[in-house]
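A closer look at the structure
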Amino acid sequence: MSIWRQAYLAPPASALRFAIKATLAMLLALYVALWLDLERPYWALISAAFLQLRPLSGMVIEKGLSQLAGTLAGCLAGTLIMAAFVQVPPAALGTLTLWIMLCTYVSSLQHGNAAYGCIMASVTAMLIVVIAAATPQALFGVAVERLTELSLGALCATLVSALLWPVRVRDHLIAQADTALTQAFTHAAQRLGDAAPGSRQASLTAALAPLAQLEADSRAARYEDPEGAGRIRASHLLGHRTLRLMATLHALQQLLEDGRVPAQAAGRRLIDEAAALFSAYGDEAATRARLQALRHRVLAALEAVAAADSDTPGDLAHQRLLIGLREALGHALVMLDARAAIAAPGRQRLHGTAPTRHRDRLSALLNALRAGGAFALLAWAWLATGWEGAMGAMMIATLLSALFAGFERPVTASLLYLKGLLAAIPSALLFGHVLLAPANGLPLLALLLLTPLFLGLLGAAEPRLMGPCLAFVIGNIMLIMPGNAMSFAVDDFANRALGMLVGVSTVVMGFRLLPGLPTELRRRRLIRATVHDLRRLYRRPLHQAEARFSGAMVDRLLDLARHDDDLPEARRHLFALGLTGLDLGYAGLLLRRRLDGLEDPTVEAAKRRLFAALATAYAASADGRRDSRLTPASEALLNALAAHPRVSPREHRLLEGLLRRLDLALAAQAGRHPDADPAPLAAEAG
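This section reports on the structure supplied with the text. Keep in mind that what you see is a predicted model, and the values were worked out from it rather than measured.

The next thing to look at is the overall build of the protein. Along the backbone of the protein there are 26 helices and zero strands. Taking 2.2 N^0.38 as the reference for a compact globule, 686 residues should give roughly 26 Å; the C-alpha atoms of the protein span a radius of gyration of 29 Å, in line with that estimate. For the protein, the spread of C-alpha atoms along the three principal axes comes to 95 × 50 × 45 Å. Here the protein holds 686 residues, and the buried ones make up 56% of them. Nonlocal contacts in the protein, meaning residues at least 24 apart in sequence, comprise 79% of its contacts between residues at least 6 apart. As displayed, the protein offers around 28200 Å² of accessible surface, 60% of which is attributable to carbon and sulfur atoms.

Structure, rendered in structure tokens:
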């Protein structure tokens, strides 16, 4: 059965509830708007529809607040622009173009509902300037009406979401955390076993995607109940520890492949048990108990190896293997605690720092230029022709240019929206003009108006159909324009339809002419950003450095995985490059935890030199080269530590082994590059 048939012939109960809730929210907004005799009630309907797209109680409130803040900022900006340039429309539109570019730029650097608020700031300012340009004396009234209409839609959506079949953010976060945990433990089993690289990459990306979504969605938990802050901290902690687990597993695999740990060593047997335990993850309590028991056995084995006090390379590698396994099991236990705290924060006292997400300012600037260019083109056409349908074109172009800029395939998304809009034209003509023209009274108005909206929302409940179905809903509202003084003239309808089609076509043209940064440039910028973070890993307090690094690396790993999938299988190395950067970052954080308290100027200077050398060597490995500065930087740090009284000889040897492992990891990464020269790398490895 196709997704269209399934959506309409056998819709799930959740889709019916979603469509009913969104339709009732729009009905309530329409009734109140008509009762208040607002000039453009359809903006209240659009506001209610957008807020119901993710009808979780806390998310509706968060999105409503973001929309309100963006609307206020847009009202203020539009009012100031018109107050300054009311007699000079070209100057007003030019200033408005700069405002739209600024809002699009900021929205491209934000995530979640904060980005939506920036988009609303640009759309609201555009509406005020364009509407008030025709009637400058009504400027203040236009601003108040836009704020009232959009706020009314947000209020109605919030009420319906809270009172009718409420869906809690808590349950959504638990489901996301369970998915991330399951995939992370699957990846751990594959990493400690002998799974193929493709399977390991798939399981890791399957864990990172819900983890990134969890971080974004957890912020809405604060609006749901007093325990929301605890859920936010637990979500942050789950994200941090999952990435630390991935970095530790990457290091463990390198130790296993090194070959210096004997096959009969206790660590290898414990590794196999850990892989089986992660693979069998299901019941949380049973897994926790087995993890704790296994960790105690690892600690006992580690004490035995330490008591032997052997300095052979095999015994030191075995000890590092046991230390890594102990850390991996510890991370897994904290991840289970974080998941439990998401469900019941009152029982856990966990702390997590909010991560800093990856932001590409060059991509944001390109998005701003595209949005500003699309609006400026349509504004020029409006000034030159005075075409009444241009306002709809400018509104659609302003909204979609910013909204689709963050999509992986914005042209495809724009074309899907265009298809939904084309389907909305005959629907709006039938329901909004042929049938609605002779109707009388609110019940019949609601029945005829909301029927196509309900059908569109029913399809929008399926994520794969959301694009065209949402366009169908918004198109019906914008083409019918329900209100107390509706126009049923065919020429007005044709103007509105043509304006919306021109607006979407302009957006498609903009994405085709400025399709985004080239793939190779985006890859290099991701690598350069990782190098930048590695170089500055020591400059911030430790908890802030980890939050900044881990949050950005989630986005970068996902992007590198997508780029890797586009390469031929023989040339895929980008995801491994991202994991190597993750490993270097957490190794640097580990060094900071061990060395920051020494308070020795010589050690501090050597540590900073090492961080710079690691970053430079990582950048070189991304191009298939080896950098010679890492070895002297490592030796300088080891020499400084050898003279320090608080560093034992055994700890010194373990740190020496860590630095040697990082050097080998960078050599291996350089060798993965498709264009690397194998001769010097092979000679060095030998």
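Once the structure has been displayed, the description carries forward.
All right, on to a nonpolar patch on the surface then. On the surface, L362, L365, L369, L377, W380, M509, L513, L514 and L521 cluster together into a nonpolar patch covering about 830 Å² of accessible area. As for its placement among the helices and strands, W380 is situated in helix α14 (residues 361–385). Owing to a relative accessible area of 60%, W380 belongs among the exposed residues under this scheme.

A few words on the pattern of salt bridges. Pairing is possible between side chains that carry opposite charge, provided their charged atoms lie close to one another. One pass over the structure, following the stated rule, counts 28 salt bridges. The shortest N-O distance in the salt bridge between D178 and R339 comes to 2.7 Å. Placement of the pair is D178 in helix α8 (residues 169–192) and R339 in helix α13 (residues 313–343), with a sequence separation of 161 residues. By relative accessible area, which is 26% here, D178 ends up partly exposed. Here D623 makes a salt bridge to R625, at a shortest N to O gap of 3.7 Å. On the accessibility criterion, D623 (31% relative accessible area) is partly exposed. Residue classification places R625 among the partly exposed positions, given a relative accessible area of 45%. Each of the salt bridges in this network shares a partner with another, and the network as a whole consists of D178, E284, R288, D337 and R339.

One can find R522 in helix α20 (residues 519–535). Along the primary structure R522 and D559 are separated by 37 residues, whereas in three dimensions their C-alpha atoms are 9.0 Å apart. Ignoring any residue separated from it by four or fewer positions in sequence, one finds R522 in contact with L517 and H563.

Our focus in this paragraph is the side chain of Q253. Looking at the element boundaries, Q253 is found in helix α10 (residues 228–258). Residue classification places Q253 among the buried residues on the basis of a relative accessible area of 10%. In contact with Q253, not counting residues within four places along its chain, are R191 and R200.

Here we take up helix α2 (residues 13–35). Helix length check: α2, at 23 residues, gives a terminal C-alpha distance of 33 Å against a target of 33 Å (1.5 Å per residue), a fit within 8%. At the exit of α2 stands D37, carrying a positive phi of roughly 55°.

With that settled, the discussion passes to the nonpolar core. Residues F185, L238, F278 and L582 are the most contacted members of the largest nonpolar core, which totals 115 residues. Counting residues per element, this core draws most heavily on α13, which supplies 16 residues. Those residues within four positions of L238 in sequence are excluded, and the remaining contacts are A177, L181, L211, L214, M335, A338 and I342.

In this section: helix α23 (residues 601–622). Every α-helix carries 3.6 residues per turn, so stepping three or four residues along brings you back to the same face. Between its terminal C-alpha atoms α23 stretches 32 Å, which fits the 32 Å expected from 22 residues at 1.5 Å a residue. If you check the start of α23, you find a side-chain oxygen 2.8 Å away from the backbone N of T602, and it comes from D600. Phi for G624, located one or two positions after α23, is positive at around 80°.

Conventions we followed
Residues numbered from 1 in each chain as written. Predicted model: local features only at pLDDT ≥ 70, side-chain atom pairs only at ≥ 80, totals over all residues. Heavy atoms only, no water. Helix = DSSP H or I, 4+ residues; strand = E, 2+ residues; numbered from the N terminus. Rg over C-alpha atoms; globule rule 2.2 N^0.38 Å. Buried < 20%, exposed > 50% of the residue type's maximum accessible area, 1.4 Å probe, protein only. Contact = heavy atoms within 4.5 Å. Areas by Shrake-Rupley, 256 points an atom, 1.4 Å probe, with all protein chains shown as cover. Patch = residues over 30% accessible without salt bridge, like charges linked within 9 Å, V, L, I, M, F, W, Y side chains within 5 Å. Salt bridge = Lys/Arg side-chain N within 4 Å of Asp/Glu carboxyl O. Expected span 1.5 Å × (residues − 1). Core = buried A, V, L, I, M, F, W, Y, C linked by side-chain atoms within 4.5 Å. Polar contact = N/O pair within 3.5 Å; in protein donor to acceptor, adjacent residues only side chain to side chain.

All quantities given are derived from atomic positions and should not be read as evidence of function.
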